Amino acid sequence: MMSEAAAGDSAGGVSRKKVLGLFALAMINVAAVLSIRNFPSMAIYGWSCIGWYIIGTVLFLIPISLAGAELATGWPEGGGVYAWVKQAFGEKGGFIALFCEWSNNLVWFPTVLSFIASTLAFALTPDLAVNPWFMFSVMMIAFWGTTAIAYFGEEASTHFSNVGVILGSLIPAGLIIVLGVWWLGSGQGLVLPPFSPGAIVPAIDLSTLPFFATIVLLFAGMEMAGFHALETRDPQKDFPRAMALSAAIIVVCTVLATLAIAVVIPASQLNLASGVMQAIQYFFNAAGIAWLVGPMALLITLGGVVNLAAWLIGPAKGLGIVAEEGNMPPMFDRTNKYGAPVAVLVLQALIGSMISLLYVFLPSVNQAYWLLSAMTVELLCIVYILVFAAVIKLRYSQPDRPRPFTIPGGKAGVWAIAGLGLFGTVLAFVVGLMPPSFFAADGTLYVAAVLIGTFLLAVPPLVFLRCRKPSWKKAGASGGDES
Amino acid sequence: MTLTPRMEHGLVLLLVLMVLIPCGLVIAIVSEVPFREIPSDPAERVVLPDGYTVTLVNSTTWSLPGALGGKTYVIMDRNGNRVIVATQAFASAEERDAVIRVYNANAIGRGRQAGGLIVHGQYIISVTPADPDIIQAHRAAVASALSEI
């Protein structure tokens, strides 16, 4: 679990305590990936949700887990994807990969924050969700509160993550699964047609292709533990096991909880516009435990906060490392006595707050947000394409580097596994450019907007590297290309 | 050295702008749908093309603030593929926009939502699953039918 090791590590002159063990690392990934929000949305697909989950597992979850385990054990350095991609493609590649992960978060924050606020409103009184001042206030409390937890360093974040994941994600998911089993056991009718092996095969055609990108990124976040390498007691041993443990928990909870909802609630009642809590309410009413809806809403709110925290802290830590290595101006590398990258955290919170303000108070931004979300899909694809390409390249450029965990099967194995991941993410990038059916304007305009937005959100590292000065490098930081 | 802080601030400003410009871009591209009262359920005006059958119609009022009622249509095509279209009228722009926020928050993982959302006056029209053939192939007809209401 979590205990403080006597030894510390120093990077960039900042002492970092080795506080993370197997369980804490696994919970970081579970916090980043497992979300109750996904269950009703996927339950709409009935039995074929199993097929979609298999696609997501084969084309992304397994490849990213294995690639992440190999990279994290071979290069257990701070920075996560930055450190890994830097080894293969130099600082420019590493910085772009990390920045894409960070900038896509800035656009994603308002949506997860509004999920937190609307779920809390449901627990208190649903009318509050209409009040933009309530929504914005709760969003800011959650955002700056999570930033404050990150301020107190890895130990505080880990405590919060461990407790929060159990209360806000695992208990609600477990409860949904238990209720589904009870429903089946009590002989109540299933709303799905009888199971047949053919029913799990999803319909894949031109109309479902855009959904493919969503499925591939369903398990995005499995690399999140890699950002915490400097605080991990025994990364070579714990990373692979944490990857396996978190992947197992995520798959079991996701598949079973989705099926539990699918067999109880008719698809026509799973209305996405009315939200997750409406589905949970229907589910709990059917089970005769309507009184549990309020407490469940509070737990799911906590789960949303933990999900936010995992994505808020990891990439910010990575950006702090990039700044320490001299790739960003010194104002970005400021860390506090807890080792937290305060400058990046504050800047991130300020930008996220500005976008949240626009999101809540400008209906035009709210109504157009799906277009910004499309950009975040493309940015994430860039991150993972670089990670999969890196694990392949490093087998050739650094074959003798000790890797306590390697993707089995030698070079053929790494090509097969990372190749699957590359195929999935490249395809997701391409189909992510297909305009959704409800977009009335010219499709070319959509493609241009998504590509321009993605470019703007990905290009700042090139500007920083162009303006880089030797004086930016923090004393004691490693830095430089090591490839 | 005296220029360094200015350069640092410039880079921070650039970073903020690079993130905010895409927000301005989407505002320019996707125009806000004004709130206005619609006399009848907009989905009723859309004539189904050949090969599609409405197998179920229910009147529903979502358990959400300001929801005035609407209908849920289950549509099947010749291959047995099912599309669920749910419409709901809202009493005010604030209540309608609150639903859009909830919808935006319900993306699967880090991707898109499982369905699509059309905003039309006081109505929210939810279509699941995402991008069904009926909308893809008849996008213009649907848009035209809605524009007449």
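This structure is a prediction, so every number in the text was calculated from the model and none was measured.

**Student:** Lay out the interface of chain B and chain A in plain terms, naming residues and giving numbers.
**Tutor:** Taken together, the contact between chain B and chain A spans 68 residues of the former and 87 residues of the latter. Between chain B and chain A, the buried area comes to about 6,900 Å², and carbon and sulfur atoms account for 68% of it. When the buried surface of chain B facing chain A is broken down by residue, B:Arg101, B:Arg110 and B:Arg112 rank first, second and third, together holding 14% of it. Summed over the shared surface of chain B and chain A, the result is zero salt bridges. Connecting chain B to chain A are 17 residue pairs in polar contact (both at pLDDT 80 or more). Counting only elements with at least two residues in the side of chain B that touches chain A, the list comes to α1 (3–29), β2 (67–76), β3 (82–90), α2 (93–105), β4 (116–120), β5 (123–128) and α3 (133–137) of chain B.

**Student:** Could you give an account of the pairing of strand β1 (residues 53–60) of chain B, with specific residues and numbers?
**Tutor:** All names here are of chain B. One ladder, built from seven bridges, connects β1 with β2; its direction is antiparallel. When the sheet's bridge partners are listed, Val54 is paired in β2 with Ile75. Taking the residues between adjacent antiparallel strands as the criterion, β1 and β2 are bridged by six residues, where Gly66 takes a positive phi near 85°.

**Student:** Residue-level account of the nonpolar core, with values.
**Tutor:** Membership of the largest hydrophobic core comes to 206 residues, with the highest contact counts inside it found for A:Ile176 and A:Phe332. Take this core: its biggest share by element is 24 residues, from helix α4 (residues 81–124) of chain A. Filtering out sequence-adjacent residues up to four positions away, A:Phe332 remains in contact with A:Gly320, A:Ala323, A:Ala343, A:Val344, A:Leu347, A:Phe464, B:Val12 and B:Leu15. By size, the runner-up hydrophobic cluster in this structure holds nine residues, among which are B:Tyr73, B:Val83, B:Ile125 and B:Val127.

**Student:** So what about the packing of helix α5 (residues 132–151) of chain A against helix α11 (residues 342–361) of chain A? Which residues, and what values?
**Tutor:** Residue and element names in this part refer to chain A. Running from amino to carboxyl end, α5 crosses α11 at an angle of 170°, the nearest separation of the two axes being 10 Å. Here α11 runs roughly antiparallel to α5, going by the angle between their axes. Tallied by class, the residues present in the contact of α5 with α11 amount to 19 nonpolar, five polar and no charged.

**Student:** Give a detailed account of α2(B), specifying residues and quantitative values.
**Tutor:** Residues and elements named next belong to chain B. Compared with an ideal rise of 1.5 Å per residue, which puts 13 residues at 18 Å, α2 spans 18 Å between its outermost C-alpha atoms and is within 8% of the ideal. Burial runs high along α2: 11 of the 13 residues are buried. Those residues of α2 that sit buried are Glu95, Arg96, Asp97, Ala98, Val99, Ile100, Arg101, Val102, Tyr103, Asn104 and Ala105.

**Student:** Tell me what's going on with a nonpolar patch on the surface, and back it up with residues and numbers.
**Tutor:** Together, A:Val163, A:Ile166, A:Leu167 and A:Ile171 make up an exposed nonpolar region whose accessible area comes to about 290 Å². Here A:Ile171 is to be found in helix α6 (residues 153–185).

**Student:** Could you give an account of the pattern of salt bridges, naming the residues involved and the relevant values?
**Tutor:** All names here are of chain A. Scanning all chains against the criterion turns up nine salt bridges over all chains. With a shortest N-O distance of 3.1 Å, Glu325 and Lys86 are connected by a salt bridge. Of this pair, Glu325 sits in the loop between α10 (293–324) and α11 while Lys86 sits in helix α4, placing them 239 residues apart in sequence. A relative accessible area of 9% places Glu325 in the buried class. Close ionic contact of Glu91 with Arg468 constitutes a salt bridge, the shortest N to O distance being 2.7 Å. You can see Glu91 sitting in helix α4 and its partner Arg468 sitting in the segment after α16 (460–467), a full 377 residues away along the chain. The exposure class of Glu91 is buried, given its relative accessible area of 9%. One salt-bridge network, held together by shared partners, links Glu70, Arg395 and Arg403.

**Student:** I'd like a description of the confidence of the model for chain B, backed by residues and values.
**Tutor:** All names here are of chain B. Chain-level pLDDT for chain B is 81 on average; 84% of the residues reach the 70-or-more range. Looking over chain B, one finds the lowest element-wise mean pLDDT in helix α4 (residues 139–147), namely 60, and the highest in α2, namely 91. The complex model carries a pTM of 0.90, and its ipTM stands at 0.86.

**Student:** Just give me the short version of the side chain of A:Thr232, but keep the residues and values in it.
**Tutor:** Residue and element names in this part refer to chain A. Tracing the chain through its elements places Thr232 in the loop between α7 (209–216) and α8 (235–264). Engagement of the side chain of Thr232 in a polar contact is seen with the backbone oxygen of His228, the distance being 2.8 Å. In this structure Thr232 touches Lys18, Leu20, Leu25 and Phe239, once residues within four positions along its chain are discounted.

**Student:** Please provide a residue-by-residue account of the pairing of β2(B), values included.
**Tutor:** Residue and element names in this part refer to chain B. The buried fraction of β2 amounts to seven of the 10 residues, a majority that puts the element mostly inside the structure. Pairing between β2 and β3: seven bridges, direction antiparallel. Opposite Gly69, over in β3, you have Ala89 as the bridge partner. Hairpin remark: β2 followed by β3, antiparallel, with five residues in the connecting loop; positive phi at Gly80, about 85°.

**Student:** Describe the packing of aromatic side chains, naming the residues involved and giving the relevant values.
**Tutor:** In this description, an aromatic ring pair is defined by two values, namely the gap between the centres and the angle between the planes. On inspection of all chains with the given rule, the structure shows 23 aromatic pairs over all chains. When the centroid spacing of 4.7 Å and the interplanar angle of 80° are considered together, the rings of A:Phe60 and A:Tyr384 count as edge-to-face. Of this pair, A:Phe60 sits in helix α3 (residues 48–74) while A:Tyr384 sits in helix α13 (residues 369–397), placing them 324 residues apart in sequence. Judged by relative accessible area, which is 0%, A:Phe60 ranks as buried. In this structure an aromatic cluster arises from ring pairing among A:Phe95, A:Phe99, A:Trp102, A:Phe332 and A:Phe464. Taking the ring centre of A:Trp108 as reference, the NZ or CZ of B:Arg110 above it sits at 3.9 Å.

**Student:** Can you tell me about α8(A), naming the residues and giving the values?
**Tutor:** Compared with an ideal rise of 1.5 Å per residue, which puts 30 residues at 44 Å, α8(A) spans 42 Å between its outermost C-alpha atoms and is within 8% of the ideal. Burial analysis of α8(A) places 21 of its 30 residues in the buried class, the great majority of the element.

**Student:** Describe the sheet that holds β2(B), listing the residues and the values that go with them.
**Tutor:** All names here are of chain B. Read across the open sheet, the five strands follow the order β1-β2-β3-β5-β4; overall the sheet is antiparallel. Whereas interior strands pair on both sides, the edge strands pair on one side only; in this sheet they are β1 and β4. Here the average twist between neighbouring strands, direction ignored, is 15°. Across six bridges, β3 lies against β5 in antiparallel orientation. Across the sheet, the residue bridging to Ala89 is Tyr123, located in β5. α2 contacts β3, β4 and β5 of the sheet and is inclined by roughly 165° relative to β4.

Rules of the game
- Throughout, a residue's number is its position along its own chain's written sequence, starting from 1.
- The naming scheme follows written order: chains are lettered A onward, ligands numbered 1 onward.
- Totals for whole chains, interfaces and linings use every residue, but because this is a predicted model, local features are given only for residues with pLDDT of at least 70 and side-chain atom pairs only at 80 or more, for both listing and counting.
- Water and hydrogen atoms were dropped before computing side-chain values, which therefore reflect all heavy atoms in the structure.
- Residue contacts follow a heavy-atom distance rule, with two residues in contact if any of their heavy atoms lie within 4.5 Å.
- Buried area is understood as the total, over both parts, of accessible area removed when two parts are fitted together, assessed with a 1.4 Å probe.
- Each reported salt bridge corresponds to a side-chain nitrogen of Lys or Arg within 4 Å of a carboxyl oxygen of Asp or Glu.
- Polar contact criterion, stated in full: a pair of N or O atoms within 3.5 Å, where within protein one must be able to donate a hydrogen and the other to accept it, and residues adjacent in sequence count only if both atoms are side-chain atoms.
- Put simply, DSSP marks the helices as runs of H or I at least four residues long and the strands as runs of E at least two long, and each gets a number from the N terminus on.
- Strands pair, by our definition, only if DSSP identifies at least two bridges between them.
- Here, the term nonpolar core denotes a set of buried Ala, Val, Leu, Ile, Met, Phe, Trp, Tyr and Cys residues that are joined through side-chain atoms within 4.5 Å.
- Residue exposure (1.4 Å probe, protein chains only): buried if accessible area is under 20% of the type maximum, exposed if over 50%, otherwise partly exposed.
- Only the stretch in contact is used when fitting a helix axis, every axis being a line fitted to C-alpha atoms; angles between N-to-C directions are given from 0 to 180 degrees.
- If an angle is under 35 degrees, it is roughly parallel; if it is over 145, roughly antiparallel; if it lies from 65 to 115, roughly perpendicular; otherwise it is oblique.
- Only Asp, Glu, Lys and Arg are considered charged, only Ala, Val, Leu, Ile, Met, Phe, Trp, Tyr, Cys and Pro nonpolar, and every remaining residue, Gly among them, polar.
- To estimate the expected span of a helix, subtract one from its residue number and multiply by 1.5 Å.
- Only residues above 30% relative accessible area that lack a salt bridge enter a patch, with like-charged residues linked at up to 9 Å and the nonpolar side chains Val, Leu, Ile, Met, Phe, Trp and Tyr linked at up to 5 Å.
- Surface exposure here means Shrake-Rupley accessible area, sampled with a 1.4 Å probe, where a residue is shielded only by the protein chains that are shown.
- Scored between 0 and 100, pLDDT is the confidence that the predictor attaches to each residue.
- The criterion for an aromatic pair is that two Phe, Tyr or Trp rings (for Trp, the six-membered ring) have centres within 6.5 Å, with stacked assigned to planes under 30 degrees apart, edge-to-face to planes over 60 apart and tilted to the rest.
- Whether a charge lies above a ring is judged from NZ of Lys or CZ of Arg, which has to be within 6 Å of the ring centre and within 35 degrees of the ring normal.

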